[in-house]
Amino acid sequence: MDVSVEVTDTVTVYPSASPPLFDDDHVLPLSHLDNDRNLRTTIRYVRAYANSDHHYQPPSADPFRVIVDSLSKALAHYYPLTGTLRRMPNSNRLELFCAVGRGVPVVHATVDSSLDSVSYLDDPGAEFTDKLVPNPDPDEGLANPFMLQVTVFNCGGFCLGSAIHHSLCDGIGATQFFNVMVEMGRGSNRGSVEAIWDRVRLLGPRVPARVEVPLEEVLSLDDKFEPYGGFAPAGRICFDVKDEWLERFKKELWEESGGRSFTTFEALGAFLWRAKVKVSGVPKDERVKFAYSINIRKLVNPPLPAGYWGNGCVPIYVQLTAKDLLEQPIWRTADLIKKSKSQATDEYVRSFIDFQELNYDKGINAGEWVTGFTDWRHLGHSTVDFGWGGPVTVLPLSRKLLGSVEPCFFLPYSTARQARKNGFKVLVTLQQFAMSPFKEEMGKLSISRSWL
């Protein structure tokens, strides 16, 4: 379906009141987690809202105006979102420059179609979805690290597209801010959670810095290597994963492994990782990596305070040669993913931060053959309700994740499509030449033991 997105206006939204202690231009430091080179990218995603009759907004309410007003009130407490990321003097690290009188760009757009006609964005492969979110180039992403777009459909439903530089916050921190926007829009004066910056004190390096875990086995040092450079343009493809397929597959892994049980993330992640490496033509002696993030907010000692909204995750890696990944049983790979979770300790986090302190200017990277995995099925996006109910669909558009240009997302089906309740969907980014053979690999998931 040919869908035209028409941009009608772009406005700058300013804090509704002067933020406390913000009378002069100043610089805010970022944590070493914020400055991870793999986070030098803009995270883009879109929330779709149906025009529901069960809401507290009056029929005449304008979604653009409601969101702009809520944003303005929330920025008084989260003013760093109006700042500019820039490189520190004599260093390649970033810092946040906050200037009096800055705001957040918000795009207003319309679509002369209904959300139902585009399946409530439940088809992540649709090309027009990229037009629902601001798409800054790298320099613009630093100059405006937080940008929004409100796109209103002719049915009254709308989409909220977000473009947030990953060095500013992670998905959990961003959702915290959007929830404060919702609360402020409903009349709260402060929001239920007070914003906390304090990034260097809470997640700074130890003195002296020391690395107690073998990070050098999975991270390389090369100041010429660009984590997201040098790859051909890739496409996205979405697959259904039915509950009965997955349960049968996990049962078969249990039988093959002699009684080991695996989560969906471990089992399906192992299957997808092997399939992607198999069809991508990776040389057999190359080291390939399965990468995912662990939330460390309650893991570190002491835990991070509830209002901390900076990056609060660290990457975990599973590494094999391509030959070993393709030749060993899938259950062994799933078992490696399971065991890797035990790395997530306070010492791992502190060592990761200290590794950044000691080696940052040497160009820390995870290498070339990285596949990033993330599970969006239980992230709590439904709480971001501006008065029309929570989003019926949340769709990531980023193609850069954890040093990978071919990320894989586990996504729930849209709640607006009642017929699709069986299972979930997997959104995969691949080089074009690998699309057809990858579809063949995915087809094996629906046939008993065809993956052996």
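See the structure printed just above.
A brief look at the structure comes next. (Residues numbered from 1 in each chain as written. Predicted model: local features only at pLDDT ≥ 70, side-chain atom pairs only at ≥ 80, totals over all residues. Heavy atoms only, no water.)

## Some points on the pattern of salt bridges
- Enumeration according to the criterion identifies 26 salt bridges in this entry.
- Arginine 199 serves as the salt-bridge partner of aspartate 34, at 3.1 Å between the closest nitrogen and oxygen. Within this pair, whereas aspartate 34 is found in the loop between β2 (26-29) and β3 (42-49), its partner arginine 199 is found in helix α4 (residues 199-203), the two being separated by 165 residues in sequence. The residues aspartate 34 and arginine 199 share a single accessibility class, namely buried.
- Members of the salt-bridge network, linked through shared partners, are Arg44, Asp130, Arg236 and Arg399. (Salt bridge = Lys/Arg side-chain N within 4 Å of Asp/Glu carboxyl O. Helix = DSSP H or I, 4+ residues; strand = E, 2+ residues; numbered from the N terminus. Buried < 20%, exposed > 50% of the residue type's maximum accessible area, 1.4 Å probe, protein only.)

## Overview of the sheet that holds β2
- Spatially, three strands are ordered β2-β5-β4 in an open sheet, and the strand pairing comes out antiparallel. Bordering the open sheet on either side are β2 and β4 (84-87), each of which pairs with just one other strand. On average, each strand axis in the sheet is inclined to that of its neighbour by 40 degrees, with strand direction left out of account.
- Looking at chain direction, β4 and strand β5 (residues 94-98) are connected through four bridges and run antiparallel. The partner of threonine 84 across the bridge, within β5, is phenylalanine 97. (Pairing = 2+ DSSP bridges. Axes fitted to C-alpha atoms, helices over the stretch in contact; angles between N-to-C directions.)

## Brief notes about the environment of methionine 88
- With respect to the helices and strands, the residue methionine 88 is situated in the loop between β4 and β5.
- Looking at methionine 88, the relative accessible area reads 31%, which means it is partly exposed.
- Sequence separation of methionine 88 and proline 315 is 227 residues, and the distance between their C-alpha atoms is 24 Å.
- Methionine 88 has contacts with Arg93, Leu94 and Glu95, leaving out every residue within four places of it along the chain. (Contact = heavy atoms within 4.5 Å.)

## A word on the packing of aromatic side chains
- This structure, assessed with the given rule, holds 20 aromatic pairs.
- Ring geometry for phenylalanine 290 versus phenylalanine 373: centroids 4.2 Å apart, planes at 15 degrees, classification stacked. Of the two residues, phenylalanine 290 sits in strand β11 (residues 287-295) while phenylalanine 373 sits in strand β14 (residues 370-375), which places them 83 residues apart along the sequence. Of the two residues, phenylalanine 290 and phenylalanine 373, neither departs from the other in class, the shared state being buried.
- Members of the aromatic cluster, connected to one another through ring pairs, are Phe265, Trp273, Phe290, Tyr292, Phe373, Phe410 and Phe424.
- Of note, arginine 199 hangs over the ring of tryptophan 309, and the distance from its end group to the ring centre comes to 4.9 Å. (Phe/Tyr/Trp six-rings, centres within 6.5 Å; stacked < 30°, edge-to-face > 60°. Lys NZ or Arg CZ within 6 Å of the ring centre and 35° of its normal.)

## Section: the packing of helix α5 (residues 243-256) against helix α6 (residues 264-279)
- Viewed as axis vectors pointing N to C, α5 and α6 meet at an angle of 85 degrees, and their least axial separation amounts to 10 Å. In terms of their interaxial angle, α5 and α6 are classed as roughly perpendicular. Along its contact with α5, which presents Leu246, Phe249, Lys250 and Leu253, the element α6 presents Thr264, Ala267, Leu268 and Phe271.
- Classifying every residue of the contact of α5 with α6 by side-chain character gives six nonpolar, one polar and one charged. (Parallel < 35°, antiparallel > 145°, perpendicular 65-115°, else oblique. Nonpolar A, V, L, I, M, F, W, Y, C, P; charged D, E, K, R; others polar.)

## Brief notes about the side chain of serine 257
- Structurally, serine 257 is set in the loop between α5 and α6.
- Owing to a relative accessible area of 7%, serine 257 belongs among the buried residues under this scheme.
- Ignoring any residue separated from it by four or fewer positions in sequence, one finds serine 257 in contact with Phe262 and Trp331.

## Re the sheet that holds β3
- Across the sheet, six strands lie side by side as β1-β6-β7-β8-β3-β15; this open sheet has mixed pairing. Edge positions in the sheet fall to β1 (5-13) and β15 (393-396), since each has one partner strand and no second. On average, adjacent strands in this sheet sit at an angle of 20 degrees to one another, irrespective of strand direction.

## Remarks on the packing of helix α1 (residues 63-75) against helix α3 (residues 171-185)
- Running from N to C, α1 and α3 cross one another at 110 degrees; their axes reach a closest spacing of 8 Å. Judged by the inter-axis angle, α1 sits roughly perpendicular to α3. Counted together, Ile67, Ser70, Leu71, Lys73, Ala74 and Leu75 of α1 and Phe177, Val180, Met181, Met184 and Gly185 of α3 form the full contact between these two elements.
- The residue makeup of the contact of α1 with α3, split by class, is eight nonpolar, two polar and one charged.

## Describing the nonpolar core
- Judged by nonpolar contacts, the single largest core of 140 residues is most densely connected at Leu71, Phe177, Phe178, Leu268, Leu272 and Phe386.
- No other element matches α6, which puts ten residues into this core. (Core = buried A, V, L, I, M, F, W, Y, C linked by side-chain atoms within 4.5 Å.)

## Regarding α5
- Over its 14 residues, α5 extends 20 Å from the first C-alpha to the last, a length consistent with the 20 Å expected when each residue adds 1.5 Å.
- For α5, the set of buried residues is Trp245, Leu246, Phe249, Lys250, Glu252 and Leu253. Considered in projection along α5, the buried side chains sweep an arc of 160 degrees and stay on one side of the axis.
- The inward-facing, buried residues of α5 abut β10 (234-241), α6, α8 (330-340) and β17 (424-431).
- Glycine 258 lies just past α5 and shows a positive phi near 80 degrees. (Expected span 1.5 Å × (residues − 1). Arc of directions from axis to C-beta.)

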